[in-house]
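Residue-level listing of the chains:
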Amino acid sequence: MAYETLLVETDGPVGVITLNRPDALNALNDKLVTELGQQLDAWERDPAIGCVILTGAGRAFAAGADIKEMRVQSYMDAYGNDFITRNWERAASFRKPLIAAVNGFALGGGCELAMMCDFILASEAAKFGQPEINLGVMPGAGGTQRLTRFVGKSKAMEMCLTGRMMDAAEAERSGLVSRVLPADKLIDEAKAVAQKIASQSRPIAMMTKESVNASYETMLRQGVMFERRLFHSMFATDDQKEGMAAFVEKRPAKFSNK
Ligand code: HXC
């Protein structure tokens, strides 16, 4: 499908979505967020796709919600149209592994979108922040909740209250990103990681993601029980039989995604 605000490509089982409004630092307008949801819907249904990368064109991942679009909204526009809840959170509910490759600014809604992904790979040029307070609002797409879970209360509070940006090194130290890479290696490395994930059993990777995500939503005991039940269920898959047989027979596993 051709989009106005996204570039989309596949490399075997890996899908890459590039947010593509570089003149506006990929500011997230309604069109972009809707198109992103459409593409994620399509790849969630597509059995050929095993892992997706989300990145940005130019010098930003995304510099936030589109302020020029947002500024004219009234309370009733925001509440009545269910702003954000209506179409922003598709990345968080996407069932296959989703990697954010953050190449530059990830601010406001851009930082929130990156945090909805399963993990963040950052280039040395990445900058993260929740600067909404400078605009007379606060984070509205999960920033106060997800950033706090990633980096702890003290740093999240400071960032949300001052709007200060953190660079890639601080983001890695704080646990917001899994790894920092040289800018010119970011996409290649993200693709290599995505290929590795996509080569695993699809249902097992999806259940693993579901189980890690459950740790955000549950108390430890319930989370461990959820993990245990999923783990037990994996013994009903062909891929468990194949993965363990391949180890014993000293050969690479050939998963059938069943
Ligand atoms: C609309 C934006 C934008 C945004 C940048 N642009 N961010 N347009 N919405 N969020 C546009 C600029 O207006 C400008 O367009 C062009 O992109 C380049 O930006 P500059 O400011 O000229 O670049 P620079 O001087 O390098 O500064 C980069 C920057 C700055 C520090 C990232 O652009 C900035 O502070 N942007 C806003 C960041 C922000 O406050 N994000 C939070 C948004 S609120 P023109 O036409 O002038 O060339 C939010 C709420 C989330 O996200 C809640 C959930 C929806």
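Parameters and conventions
- Residues numbered from 1 in each chain as written.
- Predicted model: local features only at pLDDT ≥ 70, side-chain atom pairs only at ≥ 80, totals over all residues.
- Heavy atoms only, no water.
- Phe/Tyr/Trp six-rings, centres within 6.5 Å; stacked < 30°, edge-to-face > 60°.
- Helix = DSSP H or I, 4+ residues; strand = E, 2+ residues; numbered from the N terminus.
- Buried < 20%, exposed > 50% of the residue type's maximum accessible area, 1.4 Å probe, protein only.
- Pairing = 2+ DSSP bridges.
- Axes fitted to C-alpha atoms, helices over the stretch in contact; angles between N-to-C directions.
- Near = heavy atom within 4 Å.
- Polar contact = N/O pair within 3.5 Å; in protein donor to acceptor, adjacent residues only side chain to side chain.
- Areas by Shrake-Rupley, 256 points an atom, 1.4 Å probe, with all protein chains shown as cover.
- Nonpolar A, V, L, I, M, F, W, Y, C, P; charged D, E, K, R; others polar.
- Patch = residues over 30% accessible without salt bridge, like charges linked within 9 Å, V, L, I, M, F, W, Y side chains within 5 Å.
- Salt bridge = Lys/Arg side-chain N within 4 Å of Asp/Glu carboxyl O.
- Parallel < 35°, antiparallel > 145°, perpendicular 65-115°, else oblique.
- Left-handed = near helix turned anticlockwise from the far one by under 90°.
- Contact = heavy atoms within 4.5 Å.

1. Topic: the packing of aromatic side chains
Phase 1: Summed over the entire model, instances satisfying the criterion amount to three aromatic pairs.
Phase 2: Between the aromatic rings of Tyr 75 and Tyr 79, the centroid separation amounts to 5.7 Å while the plane-to-plane angle is 10 degrees, which identifies the pairing as stacked. Taken together, the positions of Tyr 75 and Tyr 79, both in helix α3 (residues 75-80) and four residues apart, correspond to about one turn of that helix.
Phase 3: The exposure class assigned to Tyr 79 is exposed, which follows from its relative accessible area of 56%.
Phase 4: Note on Phe 150 and Tyr 216: the rings are 6.4 Å apart at their centroids and 55 degrees apart in plane angle, and the pair reads as tilted. One end of the pair, Phe 150, is in helix α6 (residues 143-151); the other, Tyr 216, is in helix α10 (residues 202-217), and 66 residues separate them in sequence.
Phase 5: Here Phe 150 falls in the partly exposed class, since its relative accessible area comes to 22%.
Phase 6: Its relative accessible area of 36% is what places Tyr 216 among the partly exposed residues.

2. Some words on the sheet that holds strand β5 (residues 98-102)
Phase 1: Pairing within the open sheet is mixed, and its six strands lie in the order β1-β2-β3-β5-β7-β10. The open sheet has two edge strands, β1 (6-11) and β10 (179-181), and neither has a second partner. Across the sheet, the mean angle separating the axes of adjacent strands is 20 degrees when strand polarity is ignored.
Phase 2: Sheet analysis places strand β3 (residues 51-56) next to β5, joined by three bridges and oriented parallel.

3. Some thoughts on the site of the ligand
Phase 1: Around the ligand, the structure places 26 residues, and the nearest of them are Arg 59, Ala 63, Ala 65, Ile 67 and Gly 109.
Phase 2: A distance of 2.9 Å separates a nitrogen atom of the ligand from a polar backbone atom of Ala 63.
Phase 3: The separation between a nitrogen atom of the ligand and a polar main-chain atom of Ile 67 is 2.9 Å.
Phase 4: In isolation the ligand offers 1,000 Å² of accessible surface; the protein chains occlude 66% of this area.
Phase 5: Elements represented by at least two residues in the shell around the ligand include exactly α2 (67-70), β6 (105-107) and α5 (109-116).
Phase 6: Sorting elements by how many residues they give to the shell around the ligand places α2 first, with three residues.
Phase 7: Residues that form the shell around the ligand fall into these classes: 16 nonpolar, four polar and six charged.

4. Let's talk about a nonpolar patch on the surface
Phase 1: Nonpolar side chains collect at one region of the surface, where Ile 67, Leu 135 and Val 137 lie side by side and expose about 260 Å² of accessible area between them.
Phase 2: As for its position among the elements, Val 137 is in the loop between β8 (127-129) and α6.

5. As for the packing of α5 against α6
How two helices pack is summed up by the angle between their axes together with the distance between the axes.
Phase 1: For the pair α5 and α6, the least separation of the axes is 10 Å and the interaxial angle reads 55 degrees. Put simply, α5 runs oblique to α6. The chirality of how α5 crosses α6 is left-handed. Contacts from Glu 112, Met 115 and Met 116 in α5 reach Gly 143, Arg 146, Leu 147 and Phe 150 in α6.
Phase 2: When its residues are assigned to classes, the contact of α5 with α6 shows four nonpolar, one polar and two charged.

6. A word on the side chain of Thr 5
Phase 1: Position of Thr 5 relative to the elements: it lies in the segment before β1.
Phase 2: Separated by 2.6 Å, the side chains of Thr 5 and Glu 35 make a polar contact.
Phase 3: Beyond its immediate sequence surroundings of up to four residues, Thr 5 is in contact with Thr 18, Leu 19, Asn 20, Arg 21, Asn 29, Lys 31, Leu 32 and Glu 35.

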